[in-house]
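# Descriptive analysis of the structure
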Amino acid sequence: MSHVATLQELVAAARKAGADAADALLVSSASLSVQRRLGKVEHLERAEGFDLGLRVFVGRQQAIVSSSDPSPKSFSVLAERAVAMARVVPEDSFAGLPDAPDGLTNADALELADTAEPAAEALIARAAAAEDAALAVAGVSNSEGADASWGRTEIALAASNGFAGAYARTSHSISATALAGSGTGMERDYDYHSTVHLADLDDAAMIGRLAGEKAVARLNPTRPKTARIPVVYAPRVASSLLGHLAGAINGAAVARGTSFLRDKLGQRVMSAGLTVIDDPTRHRGLRSRPFDGEGMAGTRRAIVEDGVLTTWILDTRSARQLGLRSTGHASRGTSGPPSPSTTNLWLEPGTLTPEALIADIKEGLYVTELIGMGVNGVTGDYSRGAAGFMIRDGKLAEPVSEITIAGNVKDMLLHLTPANDLLFRRGTDAPTLRVEGLTMAGA
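In this report, we go over the structure that sits alongside the text. (Residues numbered from 1 in each chain as written. Predicted model: local features only at pLDDT ≥ 70, side-chain atom pairs only at ≥ 80, totals over all residues. Heavy atoms only, no water.)

### With respect to helix α6 (residues 235–248)
The condition is simple: By the criteria applied, helices consist of DSSP H or I runs no shorter than four residues and strands consist of E runs no shorter than two, each listed in order from the N terminus. To estimate the expected span of a helix, count its residues, drop one, and scale the result by 1.5 Å. Think of it in three bands: with a 1.4 Å probe and only protein chains considered, a residue is buried below 20% of the maximum accessible area for its type, exposed above 50%, and partly exposed in between.
Taking 1.5 Å per residue as the helical rise, α6 with its 14 residues ought to reach 20 Å, and the 21 Å between its terminal C-alpha atoms agrees with that figure. The buried fraction of α6 is high, at eleven of 14 residues. Here α6 has its buried residues at R236, V237, A238, S239, S240, L241, L242, H244, L245, A246 and A248.

Shown next as structure tokens:
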């Protein structure tokens, strides 16, 4: 029996048990991972999992149960338990399935599944290449190891409103973490890459070499004096600013009134000319999918266009709360209800190179690491620990650490300038970003 047929049988059991509506989600996964440190394999693990989740509605009362038993013989008991739970919980006037699922994106066209499963020996060799390259960098004194992994996940969803669909996705990843210096003066840094297809994965030795070079560059940091200066975010931390934007336009937060952008729909939230895209259909995208957690087909959207906020990120429930329609952004697991979440999210690049972006900065900060999550979702107040390098006379200078950068995300979004170096590596991606007028708290 196919995964979809299994779920349709489970949904039918729920309707027979008294549910007015129901949907069922299946997640089947397999993974293989290797951890290597100082020439020895410390961990080699293969894991497989199978989970079912059943969500039922009795009127506007909702309940969810999960199981790891794929046998249809257990479905009637599972369904009866879910319906009994739903009948004793409070009503939720916004709960329910989408009125009409709007179809499937062609999963084959997205190319979300690599066909080959690597052998453990291949992952060990990949991790070895990464760690050996890191240790070969002059100044690297130790290693926290290198990891290589592969995973495959199959997802199926069926609902009583007529939706049925399934797809598979794979992942390949490599990472390395290097240490430089000695004693209390040691510094660490890392590099990593993750892709859907092995053919797109960066060379393992390059990942290791970059990790080593970054660690060495951080040796002997200073703590600069407190100042109000331009701050430039390296791409691996620049994406965090998009994360703060995504949190503020999440429909659930907007409906609760806990977003600092809750009254900004249709208004300018970024500089003119800037565009933020969310696209669940990006070819081989890390977060691409042919349908969301409720069976809605997502589409490429300009979340911010020419600096103006155009939409919220919505699932069915938050859309009903706001009197709108789902944007196809429902995300869920087998044991919880859907909630809104972005897919492949990125800020379109600018025209300046990173070097040109900092060329006129007499004194500034180039951030390569952020610590903590000090952002107030209601007010936008921003304060995070940071490390990186000073910018002096338009060039990167001495490394710095033990500092804090502070501002307000609303102002930061309005005063940022992107470079032209956008790469798709994380699911949420941004080029190098320059933000004016932040406070750097140091010595």
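### Points about the packing of aromatic side chains
For any pair of aromatic rings, the description consists of the separation of the ring centres together with the inter-plane angle of the planes. Spelled out, the test is: Any two rings among Phe, Tyr and Trp, with Trp reduced to its six-membered ring, count as a pair given centres within 6.5 Å; such a pair is stacked if its planes are under 30 degrees apart, edge-to-face if over 60, and tilted if neither. Only lysine NZ and arginine CZ atoms are considered, and such an atom sits over a ring when it is within 6 Å of the ring centre and within 35 degrees of the ring normal.
The full count for this structure, using the stated rule, is four aromatic pairs. Ring centres of Y167 and F291 lie 5.2 Å apart, and the angle between their planes is 85°; this geometry places the pair in the edge-to-face category. Pair noted here: Y167 is in strand β5 (residues 164–180) and F291 is in the loop between β8 (276–278) and β9 (301–305), with a separation of 124 residues, a long-range link. Each member of the pair, Y167 as well as F291, carries the same accessibility label: buried. Seen from their ring centres, Y190 and Y192 are 6.2 Å apart, and the 20° between their planes marks the pair as stacked. Residue classification places Y190 among the partly exposed positions, given a relative accessible area of 27%. The class for Y192 is partly exposed, based on a relative accessible area of 31%. Members of the aromatic cluster, each reached through a chain of ring pairs, are F163, Y167 and F291. The side chain of R282 reaches across the aromatic face of F424, ending 4.0 Å from its centre.

### A few points about the sheet that holds β5
To keep it simple, the criterion reads: A pair of strands is labelled paired if DSSP reports no fewer than 2 bridges between them. The angle between two axes is taken between their N-to-C directions and runs from 0 to 180 degrees, where each axis is a line fitted to C-alpha atoms and a helix contributes only its stretch in contact. Contact criterion: two residues are considered in contact whenever any of their non-hydrogen atoms come within 4.5 Å of each other.
Across the sheet, six strands lie side by side as β3-β2-β1-β4-β5-β6; this open sheet has antiparallel pairing. Strands at the two margins of the open sheet, each flanked by one partner only, are β3 (61–67) and β6 (187–195). Ignoring strand direction, the axes of neighbouring strands in this sheet form an average angle of 20°. Here strand β1 (residues 21–37) pairs with strand β4 (residues 140–159) via 14 bridges, running antiparallel. When the sheet's bridge partners are listed, Q35 is paired in β4 with D147. Running at roughly 140° to β4, helix α4 (residues 120–135) makes contact with β1, β2 (40–58), β4 and β5 of the sheet.

### Topic: the pattern of salt bridges
Pairs may arise between side chains of opposite charge once their charged atoms sit close together. Definition in use: Note on definitions: salt bridges are taken to be side-chain nitrogens of Lys or Arg within 4 Å of carboxyl oxygens of Asp or Glu.
Taken as a whole and assessed by the stated rule, the structure comprises 25 salt bridges. Its salt-bridge partner being R284, residue D200 comes within 3.0 Å of it at the nearest N-O pair. Here R284 lies in the loop between β8 and β9 and D200 lies in the loop between β6 and α5 (204–217), a separation of 84 residues in the sequence. D200 sits in the partly exposed class, given a relative accessible area of 36%.

### Here's the deal with the nonpolar core
The condition that has to hold: Put simply, buried Ala, Val, Leu, Ile, Met, Phe, Trp, Tyr and Cys residues joined by side-chain atoms within 4.5 Å make one nonpolar core.
Formed by 53 residues in total, the largest nonpolar core has its most connected members in Y233, M270, V276, L347, L365 and I405. With seven residues, α6 is the single largest residue contributor to this core. Ignoring anything within four residues of it in the chain, the contact list for Y233 reads A238, L241, V367, L370, Y382, I405, M412, P431, T432, L433, V435 and L438. With 24 residues, the next largest nonpolar core counts A14, A24, F75 and A156 among its residues.

### A word on the packing of α4 against α5
Where we set the bar: Crossing chirality is assigned from the near helix's rotation relative to the far helix, an anticlockwise turn below a right angle marking it left-handed and a clockwise turn marking it right-handed. Residues are grouped as follows: Ala, Val, Leu, Ile, Met, Phe, Trp, Tyr, Cys and Pro are nonpolar; Asp, Glu, Lys and Arg are charged; every other residue, Gly included, is polar.
At their nearest, the axes of α4 and α5 sit 7 Å apart, and the two run at 30° to each other. The way α4 lies across α5 gives a crossing that is right-handed. Contact residues: α4 offers R126, A129, A130, A133 and A134, while α5 offers A204, A205, G208, R209 and G212. Classifying every residue of the contact of α4 with α5 by side-chain character gives six nonpolar, two polar and two charged.

### So, the side chain of T343
As for its position among the elements, T343 is in the loop between β12 (339–340) and β13 (345–347). Residue contacts for T343: discarding those within four places in its chain leaves D278, D279, P280, R287, R289, H329 and G427.

### Considering the pairing of β4
Regular strands place side chains that alternate from one sheet face to the opposite one. Note: β4 against β5, 17 bridges, orientation antiparallel. Residue pairing for β5: I155 is matched across the bridge by Y167. Linking two consecutive strands that pair antiparallel, namely β4 and β5, is a turn of four residues; a positive phi of about 105° is found at G162 within it.

### Observations regarding the environment of I391
Note that I391 resides in strand β15 (residues 381–392). Classification of I391 as buried rests on a relative accessible area of 0%. Residues I391 and V232, spaced 159 residues apart in sequence, show a C-alpha to C-alpha distance of 8.9 Å. When neighbours within four sequence positions are excluded, I391 is seen to be in contact with V232, I358, I361, K362, E363, G364, L365, Y366 and L396.

### So, the layout of surface pockets
Operational definition: Only protein atoms enter the 1 Å grid used here. Points where a 1.4 Å probe fits but cannot escape make up a cavity, open sets with protein on both sides within 12 Å along at least five of seven lines make up a pocket, and a residue lines them when an atom lies within 4 Å of a point. Grid points are joined across faces, edges and corners, and a volume is the space filled by probe spheres set on the points.
Put simply, the largest pocket is a space of about 550 Å³. As for the largest pocket, its lining consists of 22 residues, of which D191, K214, P235, R236 and R426 are closest to the centre. Counting residues per element, the ones that place at least two in the lining of the largest pocket are β6, α5, α6 and β14 (363–371). When residues in the lining of the largest pocket are grouped by element, the largest group, five residues, is from α5. Broken down by class, the residue content of the lining of the largest pocket amounts to eleven nonpolar, one polar and ten charged.

### Regarding the packing of helix α1 (residues 3–17) against helix α2 (residues 75–86)
As a reminder, the rule being used: Angles are sorted into four bins: roughly parallel if under 35 degrees, roughly antiparallel if over 145, roughly perpendicular if 65 to 115, and oblique for all others.
Between α1 and α2, whose axes approach to 8 Å, the crossing angle comes to 50°. One finds that α1 runs oblique with respect to α2. Helix-helix and strand crossings are classified by hand; for α1 and α2 the assignment is right-handed. On α2, the residues touching T6, E9, L10, A13, A14 and A17 of α1 are F75, S76, L78, A79, E80 and V83. Its residues assigned to classes, the contact of α1 with α2 comprises eight nonpolar, two polar and two charged.

### Here's the deal with the sheet that holds strand β10 (residues 308–309)
The mixed open sheet is built from five strands, whose spatial order is β10-β9-β8-β13-β18. If you trace the sheet from one side to the other, it starts and ends with β10 and β18 (428–429), each paired once.

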